[in-house]
Structures are given as C-alpha cells and as structure tokens.
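One-letter residues, chain by chain:
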Amino acid sequence: MDLLAHYNSDAEDSDDEAKQTVTEGSGDHAPPAKRPKVNLAPDVSTEDLSSFRYLTAPTTKEITHNVPFDDLAKPVVGPANPFGDTSKANKNILTGFVEEHVMSDFTFNALARTYNNFGYTVDPNSNGDVYIGDMQKLMENNAATVYEKVKNKDTEKRKRKAAGDPSVVDGYSGPWAGYEGENVGDTPVGPTDEEREAAEAAGTGEAGVGKAKGADVEPGRERSTFHGKNERDYLGRTYMHVPTDLDVDLLAEPGIKECYLPKTLIHTWVGHTKAVNAIRFFPKSAHLLLSASMDTKVKLWDVYHDRRCLRTFMGHSKGVRDICFTNDGKRFMTASYDKWLKLWDTETGQCIQSFTTKRIPYCVKFHPDEDKQHIFLTGCADKKVHQFDINTGAVTQEYDQHLGAINTITFVDENRRFVTTSDDKTLRAWEFDIPVVIKYVADPSMHSMPAVTLSPNKKWLACQSLDNQIVIYSARDRFRVNRKKIFRGHLVAGYACQPNFSPDGRFVMSGDSEGKVWFWDWKSCKLLKKFKAHDAVVIGCEWHPHETSKVATCSWDATIK
C-alpha cells in the first residue's frame, strides 16, 4: 500500500520526491503518505424541518431533505404561483395525473348498478367489509347485489291446485292445474254487449259521416271567433288582402333575394294555452301565419302591422296534429287526435266539411297541382295513406305497404310521385293514384324520420333522423342518400322537429329538444349559428319566403316567435 501511495504517473514528480528523500536523510525511513478520503454518502441537508416547510416543485425528482410523509400527502394549498409553469408537471392525461386502480369491469358494473338500484354498495377503497349508502335497505336485502336474488318476506310462494284423479276425465287437470286464487275460466270471454253495439254502429257508418269515439264536437257544430273590430276595412277588404304599404314585395317570386341569418327577436305571439305543433305561412304572400296547438284550437295571426291574432278556429275535441293550406290559401285542412280531418274557410272561419278514417291522422297534404286541389292525402295510425276526394267525401285510394304509423307525405318529381316516411324506419316512394311502391329505402342503420322537407330547387329531401342528424336524400328517380350532406350537432332524439330551407337554398335550419334553433351552410354542412329561442322543444320552424332574414318558430312552450 505504501508503494501504491508513492506511485505517480508523472515522471518528474517522482524524481523530485526521490531527491528530497535522499537529501533529508538516507538512513531514515520516509513518513507514511496520507490516504485519499472517499465519501460515498450523498449530500444531506442537516437543517431542522420543524422550523420551516420545504416546498418542492412538481418537476423535482430528487430531494435532499427527509420530508415527513404527512407533508408529502398534504393537498396543495395557498395561492397559485403566477410565474410557475404547470405544463411541465407530471401528467398522463390532459387534465392531470390519474393513478390506475385495479378493478374488473364486472366488479365495477356490479357496484355501480347495486348503488343505482338499491341505494347502497361496497366501498371500493375497503376490503369488501365496508358499505356506503342506505343502511336500512342494506339490512332488508341482506347486502345482496343486483346479481343476487333478493328474498321478499311479504310474498309467499303460490300453491298449485290439486291435479285431480286421472280416472275421472272431467275433474282431472294434471299438469295444467292452475294456482289458488286464480279465476281462470270463470269470467266470460268476448266483447260485452256495449262493445258489440258500438262495433255494429261503427260498421254501418260511412267514411265522411258519423262521430268518432270520444269526440265532443259533432260535425256541424264547429265555430270560429274573429278578434278584431271589423272584418272589412273602409275599402271592403278582409285580412286575406295582401298588404301593399310595406317595404317588401309580398307578391314577388320567393328566393330571388339573398338570405341572411336572423339576429334579434322581433315579436312573440302568445295566445295558445298548450304546446304548438305546427305553423304554416300563408301561400305565396306569407302575410298571415296559421298555427295548430294541443289546446284543440287553430289560430290565424297577422305577420305585419299589429301582429295580433285575427281568428280562432274551434272544432276539435283533442289536440291538432297537422295543418295544410291549399295553393290559393282560401281553405286549409286540420288533422286532429280526435280522429277527424276538417276543411275550413280561411276568410269566414266556417267549417266546410269533415272527414274521418276512424284512426288518428298524423299528417295531411293537399295535392300541389292546381287541377287537383280537391284531393288530399292523410297518413294515419293504421299504417295506411288514405286519399280523399273533397267533392264526394269518400276515400278514393289507399296506399297500404308500411309497417308502422305514417309520419310524413311529400310530393316530388313535378307532383307525379310522393314520398312517405313511417315509424317502421323506412322511406317509400309511390306513383300518385297507384298503390304500388316504386322505391323502397331501408337500411339497418336507418332511424325513424318523422319530419321531411323538400328543398327550394325540388332536388333534395331533408329528413330529420332520430339519431340527431339531418339526412339528405335525392328527390329524383333513385332516391339515394347523399353521404356528403349530413347536418349534425343538434339533439332531436324522440321529437319530430321540422327542418327547413332558406328560400335561396343557402341555409338549412332546424329546432331541437333544448329550445335552440340551429343554422347550417348547405354547401359545406358547417354549423353557422345557434341560439336559444324557446324554453321547450322547438318543434317547427318556417323561413319567410320574401324576407331575407325573418324566421318563425313554434314550441311546446305555447309561444310562436
């Protein structure tokens, strides 16, 4: 070891040390060299932590203090450091650090479902012996989970009746013996006398004559109320006259002006006491607005001037589902949940005629051709589309192919064909007056489409699908779905919110179940605007054909805006 201590790689230093040892004394021994001091312990601070708190940065991986465990487990307190960069902190998700907790999906679902159904469950942080929630229910069910059978002390096992003696044919029940307390075979089977008389009376009645079951308003007792001072002005004109004292030409061709998105609320029509199901502008001029409500009434509103209610039509005993104007607007048809369809005079308020199919009509549509204004179609709950002739009051054709209630009827291809949608999640195209399906559109991924609108150029069908999107179909021969045109973002599942187009075809709009109105761009399918319009479901929306940015909406909050 002494030789190793004297060893040095530098030759000059070794020569100098040798000379010194010779000069100092050749006969004495050299003093022992000092060994190098090696310290393998790391640097540790000796300061007492009881006098202060040691703060570590989130990025610190090594500490020179023996920090107590209590300090390490304490939550972060105090004001945040405005100069600190928290983006470098240890994170395994976007919002922070999540530690894995080993638990199978079956165990997690069992605990969650037990708590949702019974109100108690096992504490996940325990070893299975600690419970949280309703302790009284825990004792009653004996801590059973949703996958274990809960014994109910109140219910006793039912006893079966005696099978009887096999030798006696009449009294032997065998394995078909019932339970004690049952009255099987004691009650008479079949319709009662009252039900039989009602069925016979319904069978002898005609299609357009008679009274539906539950109808309180008989045909001929309908009435209407005018809410103004005088029905005619000083020139003898009624509210049917198109106003000419406005800055807007109401007799111009719709869609010739470029449309813009609405910005502010102009007016709110209040008069209905229940949900408003549908609104329709007066054909061509749109100076009047017709609304149908669940309060059994149909109201006619003034769009300009005073914006007041002009007339109320009362003739149904239940809510009105749908309304439809004729091409000239002089008459309109109402479809109600009381199973009646009624034709009204828009100017006088008189009910001209009543029709019924003994089934609830969900939609009604006049034939758009001028020479066929006496024909209308209605889709009913009996899975059929009935074609009525107003002149005779009888059903002239039935279109029976759907497997569910009919939701919509839309005329396409220069009114030679029409498209129907149903609760059976299909779309079917028909030739008018021929009860044969020419196109059947169905797919396992399709949902029910309770609202359909034809585009202004008559080329596309906008269908409100119940999977929260608007699907576009071609209105031509093939009726193919346009995969590139899908409008999403709104929530309409369970509601028949009517979509609509702007008159120039640049925008698509729709209401949703949260009271909002949504606007998309037709070309890019991008969402352009949405705003809160009502407090309940926006079930219908109509774009004014002559105003560039005026939209009318109706909602289940009984208001029209």
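My aim in this report is to walk through the structure given alongside it, one point at a time.

The rules behind each value
- In this numbering scheme, every chain counts its residues from 1 along its sequence in written order.
- Per-residue local features of the predicted model are confined to residues with pLDDT of at least 70, and side-chain atom pairs are confined, for both listing and counting, to 80 or more; whole-chain, interface and lining totals are unaffected and use all residues.
- Side-chain measures were taken over the full set of non-hydrogen atoms in the model, leaving aside hydrogen atoms and water.
- For Phe, Tyr and Trp, where Trp contributes only its six-membered ring, two rings pair if their centres lie within 6.5 Å, and the inter-plane angle classes them as stacked under 30 degrees, edge-to-face over 60, or tilted in between.
- To qualify as a helix, a DSSP run of H or I must reach at least 4 residues; to qualify as a strand, a run of E must reach at least 2; elements of each kind are numbered from the N terminus.
- Exposure categories follow from relative accessible area, calculated using a 1.4 Å probe and restricted to protein chains: below 20% of the type maximum is buried, above 50% is exposed, and the middle band is partly exposed.
- In plain words, nonpolar cores are sets of buried Ala, Val, Leu, Ile, Met, Phe, Trp, Tyr and Cys residues tied together by side-chain atoms within 4.5 Å.
- By definition in these notes, contact holds between two residues if any of their heavy atoms fall within 4.5 Å.
- When the sulfur atoms of two cysteines come within 2.5 Å, that pair is taken as a disulfide.
- By this rule, a helix spans an expected 1.5 Å times one less than how many residues it contains.
- The patches described consist of residues with a relative accessible area above 30% and no salt bridge, like charges being joined within 9 Å and nonpolar side chains (Val, Leu, Ile, Met, Phe, Trp, Tyr) within 5 Å.
- Note on areas: these come from Shrake-Rupley sampling with a 1.4 Å probe, and a residue is covered only by the protein chains present in the view.
- The term salt bridge refers to a side-chain nitrogen of Lys or Arg lying within 4 Å of a carboxyl oxygen of Asp or Glu.
- Charge assignment in this entry is limited to Lys and Arg as positive and Asp and Glu as negative, and neither His nor the chain termini are counted.
- By convention, charge coordinates are those of NZ in Lys, CZ in Arg, CG in Asp, or CD in Glu.

Turning next to the packing of aromatic side chains. Inspection of the entire model under this criterion finds 25 aromatic pairs. Relative to Y239, the ring of F226 has its centre 6.2 Å away and its plane inclined at 15°; by these criteria the two rings are stacked. Linking F226 in strand 3 (residues 223-226) with Y239 in the loop between strand 3 and strand 4 (269-270), this pair joins segments that are 13 residues apart in sequence. There is no split in this pair, since F226 and Y239 are both buried. Taking 5.0 Å as the distance between ring centres and 80° as the angle between the ring planes, the aromatic pair formed by F313 and F332 counts as edge-to-face. In this pair, F313 sits in strand 8 (residues 309-314) while F332 sits in strand 10 (residues 331-336), placing the two residues 19 residues apart along the sequence. Here F332 falls in the buried class, since its relative accessible area comes to 0%. One aromatic cluster in this structure is built from W460, F487, F501, W518, W520 and W522.

Attention now moves to the nonpolar core. By size, the foremost hydrophobic cluster in this structure holds 20 residues, and its most contacted members are I279, F281, L289, W301, C554 and I560. Of all the elements in the fold, those that place two or more residues in this core are strand 5 (276-281) and strand 30 (551-555). In terms of residue count, strand 5 provides more of this core than any other element does, three residues in total. In this structure I560 touches H267, T268, W269, H272, V276, I279, L289, S291, W301, T553 and C554, once residues within four positions along its chain are discounted. In this structure, F226, Y239, F325 and W344 belong to the second largest nonpolar core, which totals 18 residues.

This paragraph deals with the state of the cysteines. On inspection of all chains with the given rule, the structure shows zero disulfides. Summary of cysteine pairing: C554 is not part of a disulfide, and the nearest cysteine sulfur, belonging to C541, is at 8.1 Å. Judged by relative accessible area, C554 falls into the buried class, the value being 0%.

A word on helix 4 (residues 105-118). With 14 residues, helix 4 extends 20 Å between its outermost C-alpha atoms, agreeing within 8% with the 20 Å of an ideal straight helix rising 1.5 Å per residue. Taken together, the buried residues of helix 4 touch strand 1 (120-122) and helix 5 (135-140). Looking one or two places after helix 4, you find G119, whose phi comes out positive at around 90°.

Attention shifts here to a negative patch on the surface. There is a patch of like negative charges on the surface, built from E194, E195, E197 and E200. One can find E197 in helix 6 (residues 193-204). According to the relative accessible area criterion, E197 is exposed, its value standing at 56%.

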